[in-house]
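# Coordinates in review
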Amino acid sequence: MSSSDGMTITVIGSGLIGRSWAMVFMSGGYRVKIYDNQPGHAARAIQEVRKQLEELQEAHMLRGQLSASEQLALLSSHDDLPQALEGAFFIQESVFEEIEAKQSVFQVVESHVGEGVILSSSTSCLLPSNVFSRLQNRKRCIISHPVNPPYYVRLVELVPHPETLPGVMDTTYALMTAVGQAPVRLKKEIDGFALNRVQYAIIAESWRLVKDGVISVKDIDLVMSEGLGMRYAFIGPMETMHLNAPEGLEDYLQRYREGMRSVLTAFGPVPEFSGEAAERINKEMCELIPADPQHLSARREMRNQLLMGLAKLKK
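Scoring rules and cut-offs
Sequence order as written defines residue numbering, which begins from 1 separately in each chain. Selection of residues for local features in this predicted model requires a pLDDT of at least 70, selection of side-chain atom pairs for listing and counting requires 80 or more, and totals for whole chains, interfaces and linings are taken over all residues. Side-chain measures here rest on the full set of heavy atoms in the structure, leaving out hydrogens and waters. UniProt positions are given in the numbering used here, feature names are shortened, and annotations may be inferred rather than shown by experiment. Here a Phe, Tyr or Trp ring, Trp counted by its six-membered ring, pairs with any other such ring whose centre lies within 6.5 Å, and the pair is stacked when the planes are under 30 degrees apart, edge-to-face when over 60, and tilted otherwise. Think of it in three bands: residues with accessible area under 20% of the maximum for their type are buried, residues over 50% are exposed, and the middle band is partly exposed, with areas taken using a 1.4 Å probe on protein chains only. Only DSSP runs of H or I covering at least 4 residues are called helices, and only runs of E covering at least 2 are called strands; the numbering of each starts at the N terminus. Should any heavy atoms of two residues lie within 4.5 Å, those residues are considered in contact. To obtain each axis, a line is fitted to C-alpha atoms, and for helices this fit is confined to the stretch in contact; angles are then taken between N-to-C directions over 0 to 180 degrees. Orientation is classified from the angle alone, with under 35 degrees giving roughly parallel, over 145 giving roughly antiparallel, 65 to 115 giving roughly perpendicular, and any other angle giving oblique. Each crossing gets its handedness from the near helix: less than a right angle anticlockwise from the far helix is left-handed, clockwise is right-handed. Under the convention adopted here, Pro, Cys and the residues Ala, Val, Leu, Ile, Met, Phe, Trp and Tyr are nonpolar, Asp, Glu, Lys and Arg are charged, and Gly plus all remaining residues are polar. Whenever Lys or Arg places a side-chain nitrogen within 4 Å of a carboxyl oxygen from Asp or Glu, that contact is recorded as a salt bridge. Between the first and last residue of a helix there are one fewer steps than residues, each counted as 1.5 Å, and that sum is the expected span. Here the arc refers to the set of directions running from the helix axis out to each C-beta atom. Only buried Ala, Val, Leu, Ile, Met, Phe, Trp, Tyr and Cys residues count toward a nonpolar core, and they belong to the same one when joined by side-chain atoms within 4.5 Å. Pairs of strands are assigned from DSSP output, requiring at least two bridges between the strands.

The name that an unreviewed UniProt entry assigns to the protein chain is L-gulonate 3-dehydrogenase, with the source organism given as Coregonus suidteri. Here is the UniProt Subunit (unreviewed entry) comment for the protein chain, exactly as written: "Homodimer."

This is the structure:
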């Protein structure tokens, strides 16, 4: 995708993810139409986006080559779906995570757009074969799963429907790259995609270690933030293995294969994430960071600033 001049993207849903997608696409110079089926919500979303962009510009953290005002000039709000879809080459659905809602949205969208328009969903866990099951043309459908918050964490998982054409994957990959995201291609659909499968594996073992009295909530988070996270912010697990032995990955496996297998066989069952253990872990967490909106909002803001700083450093 060589140029964004005059090209329009429609974002369906004006919540956190929808607003974030709008900001990402605008930062790349694309015109964005944001739609919400609740009257007035899309217009209010523009005011929230305006506030965020102005704050980002003041903090010298605004993405893209355009100023906040130039980016805002690319954004429009719509309560009428056909009007919002007119002229768009790419549709990014961002409604709440419920299969019936997403299926219904795409059924209506399909009746208003041409065959060449790409239909993309932000779902974090629903399989494309289910999300797009009611559509006539599933060849132009794809999942573009962002990582929350999308404006600060640039990874996007691209997950094809079994019928998705290679060109749809290529165009979506090029679009995400053009707007500064870091897309990865999944070759086929799978529960949880890639990111959540890795994330849930980490969460499950962390939960088991705290539940079994091996380590505290505070210290297991330090294992990630001051240990694995420092490494994985720049290189992934495969490269880590490749670099952690004198002669690369094959050498690493020869040295550590048996040890890894021994530890992995000692892992416990999938946690229930409920009951007494959940109450105890939640209490311990809340002693570190109170679960009131003010404290959590402040922590999220600090997280976002650190993530943006890290993204700039990696560039």
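This part is about the packing of aromatic side chains. Taken as a whole, this structure holds eight aromatic pairs when the rule is applied. Centre to centre, the rings of F89 and F90 are 6.2 Å apart; their planes meet at 50 degrees, and the pair counts as tilted. Each member of the pair, F89 as well as F90, carries the same accessibility label: buried. Summarising the aromatic geometry, the rings of Y252 and Y256 are spaced 4.6 Å apart at their centres and angled 55 degrees between planes, so their arrangement reads as tilted. With a gap of four residues between them, Y252 and Y256 both fall in helix 11 (residues 249-265), about one helical turn apart. Residue classification places Y252 among the buried positions, given a relative accessible area of 15%. Residue Y256 is classed as partly exposed on the basis of its relative accessible area of 38%.

What follows deals with the UniProt feature "site: Important for catalytic activity" (unreviewed entry) in the protein chain. Per the UniProt record, the feature "site: Important for catalytic activity" (unreviewed entry) sits at H145. Along the chain, H145 turns up in strand 6 (residues 141-146). The residues contacting H145, other than those within four sequence positions of it, are S121, S122, T123, S124, L155, V156, E157, F193 and N196.

On to the environment of L126, then. Among the structural elements, L126 can be located in the loop between strand 5 (118-121) and helix 6 (128-131). Overall, L126 belongs to the buried group, its relative accessible area being 19%. With 78 residues separating them along the chain, L126 and E48 place their C-alpha atoms 28 Å apart. Discounting chain neighbours no more than four positions away, the residues touching L126 are E97, E98, I99, K102, V131, I143 and F193.

We now examine the packing of helix 1 (residues 16-27) against helix 2 (residues 41-58). In the contact formed by helix 1 and helix 2, the axes pass within 10 Å of each other and the chain directions differ by 55 degrees. Taken together, helix 1 and helix 2 sit at an angle that is classed as oblique. Along this stretch, helix 1 crosses helix 2, giving a crossing that reads as right-handed. From helix 1, R19, M23 and M26 reach across to helix 2, where they touch A45, E48, V49, Q52, L53 and L56. Residues belonging to the contact of helix 1 with helix 2 are distributed by class as follows: six nonpolar, one polar and two charged.

Moving on to the UniProt feature "domain: 3-hydroxyacyl-CoA dehydrogenase C-terminal" (unreviewed entry) in the protein chain. UniProt records the feature "domain: 3-hydroxyacyl-CoA dehydrogenase C-terminal" (unreviewed entry) for residues 192-256 in the present numbering. Taken end to end, residues 192-256 is 74% helix and 0% strand, and its first and last C-alpha atoms sit 28 Å apart.

All told, the structure shown has ten salt bridges when counted by the stated rule. The partner of K102 in a salt bridge is E97, and the shortest N-O contact between them spans 3.6 Å. On the basis of relative accessible area, K102 is assigned to the buried category, the value being 1%. Residue class for E97 comes out partly exposed when judged on its relative accessible area of 38%. For R208, the salt bridge is made with E205, and the minimal N-O distance between the two is 2.8 Å. Of this pair, R208 and E205 both sit in helix 8 (residues 195-211), three residues apart, which is roughly one turn of that helix.

Another aspect to go through is helix 2. Look at helix 2: 26 Å from first C-alpha to last across 18 residues, which is about the 26 Å you get at 1.5 Å a residue. All of the buried residues along helix 2 are A42, A45, I46, V49, L53 and L56. Projected onto a plane normal to the axis of helix 2, the buried residues spread over an arc of 105 degrees and lie on a single side. Across from the buried face of helix 2, at angles greater than 90 degrees, the exposed residues are R44 and E58. Residues of helix 2 that are buried sit in contact with helix 1, strand 2 (31-35), helix 3 (68-72) and strand 3 (75-78).

This next bit is on the nonpolar core. A general tendency of soluble globular proteins is for nonpolar side chains to be buried together. One finds F25, L53 and Y151 to be the most contacted residues of the largest nonpolar core, which totals 37 residues. Elements represented by at least two residues in this core include exactly strand 1 (8-12), helix 1, strand 2, helix 2, helix 3, strand 4 (88-93), strand 7 (155-160) and helix 7 (166-178). Core analysis: the next-biggest nonpolar cluster, separate from the first, contains 24 residues, L81, A84, A101 and L186 among them.

Time to look at the sheet that holds strand 8 (residues 182-185). Strands sit in the order 3-2-1-4-5-6-7-8 across an open sheet of eight strands; the sheet is mixed. The open sheet is flanked by strand 3 and strand 8, the only strands paired with a single partner. Averaged over all pairs of adjacent strands, the angle between strand axes in this sheet comes to 25 degrees, irrespective of strand direction. Sheet topology note: the strand 4/strand 5 ladder contains four bridges and is parallel. Across the sheet, residue E93 finds its bridge partner in strand 5, namely S121.

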